[in-house]
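# An overview of the molecular structure
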Amino acid sequence: MSAAFAWTLVFHITGIVFWIGGLLMTTQVLAAASQEEPNDVAARSCHQRTAQRTLRAMAHPGAIITLASGGVLLYLAGRHDPAFFQAAWLNIKLAIVAVLLWLDWRLWTRVRDLDRRPAVRKDASMLHGIISAAFFVILILVFLKP
């Protein structure tokens, strides 16, 4: 493993921690918001600001770092072994990353609309579970390369 690959991998893993951690924290904020009284505008506004800050300051920068460093890793690995791009595990992983990007967008729109539509605990729990499962499958794919 080259030094460039190793350092890029460090940034990639750091980005993943921030991205997935930020998404999971945001789902917890939504779950907390669902416990508030529907007419408590101040509490809903506070939860909305917290969720937006978590996405803007943690999840979205993490996603950018993850995607940018992932692109560099793909370039470096593909340059070393062009057959790398045909690995089934890699293509499945990239498809799951696309799903995570969609879930990120879905969570962002849900947080954005929190001032108009109260949070539902079931929705927040479902997003939390799907994001966690997607991350777990990516870990299995990367470490086991089935």
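Attention here is on the structure that accompanies the text. (Residues numbered from 1 in each chain as written. Predicted model: local features only at pLDDT ≥ 70, side-chain atom pairs only at ≥ 80, totals over all residues. Heavy atoms only, no water.)

If you check helix H4 (residues 121-144), its first and last C-alpha atoms are 34 Å apart, about what 24 residues at 1.5 Å a residue would give, namely 34 Å. Along its buried surface, H4 packs onto helix H1 (3-34) and helix H3 (88-112). Just downstream of H4, Lys145 is the residue with a positive phi angle, here 45 degrees. (Helix = DSSP H or I, 4+ residues; strand = E, 2+ residues; numbered from the N terminus. Expected span 1.5 Å × (residues − 1). Contact = heavy atoms within 4.5 Å.)

As a further point, take the side chain of His12. Within the element layout of this structure, His12 appears in helix H1. By relative accessible area, His12 is classed as buried at 8%. Among the polar contacts made by the side chain of His12, one reaches the main-chain amide nitrogen of Gly70 at a distance of 3.4 Å. In this structure His12 touches Thr66, Ser69, Gly70, Leu73 and Lys93, once residues within four positions along its chain are discounted. (Buried < 20%, exposed > 50% of the residue type's maximum accessible area, 1.4 Å probe, protein only. Polar contact = N/O pair within 3.5 Å; in protein donor to acceptor, adjacent residues only side chain to side chain.)

Glancing now at helix H2 (residues 41-80). Helix length check: H2 (40 residues) gives 56 Å between terminal C-alpha atoms against 58 Å at 1.5 Å per residue, within 8%. Roughly 40 degrees is the biggest bend found in H2, and it falls at Leu55. (Bend = angle between axes of the 7 residues up to and from the residue.)

Let's shift gears to the packing of H1 against H2. The interhelical angle for the contact between H1 and H2, taken along N-to-C directions, is 155 degrees, at an axis separation of 7 Å. Taken together, the axis directions place H1 and H2 in an arrangement best described as roughly antiparallel. Where H1 crosses over H2, the handedness of that crossing is left-handed. Partitioned by chemical class, the residues of the contact of H1 with H2 number 22 nonpolar, 13 polar and no charged. (Axes fitted to C-alpha atoms, helices over the stretch in contact; angles between N-to-C directions. Parallel < 35°, antiparallel > 145°, perpendicular 65-115°, else oblique. Left-handed = near helix turned anticlockwise from the far one by under 90°. Nonpolar A, V, L, I, M, F, W, Y, C, P; charged D, E, K, R; others polar.)

As enumerated under the stated definition, the model contains two aromatic pairs in all. Their ring planes at 65 degrees and their centres at 6.0 Å tell us that Phe84 and Phe85 sit as a pair that is edge-to-face. Given a relative accessible area of 19%, Phe84 falls into the buried group. Residue classification places Phe85 among the partly exposed residues on the basis of a relative accessible area of 38%. The interplanar angle of 70 degrees and the centroid separation of 6.0 Å between the aromatic rings of Phe84 and Trp89 together place this pair among those described as edge-to-face. Classification of Trp89 as buried rests on a relative accessible area of 11%. (Phe/Tyr/Trp six-rings, centres within 6.5 Å; stacked < 30°, edge-to-face > 60°.)

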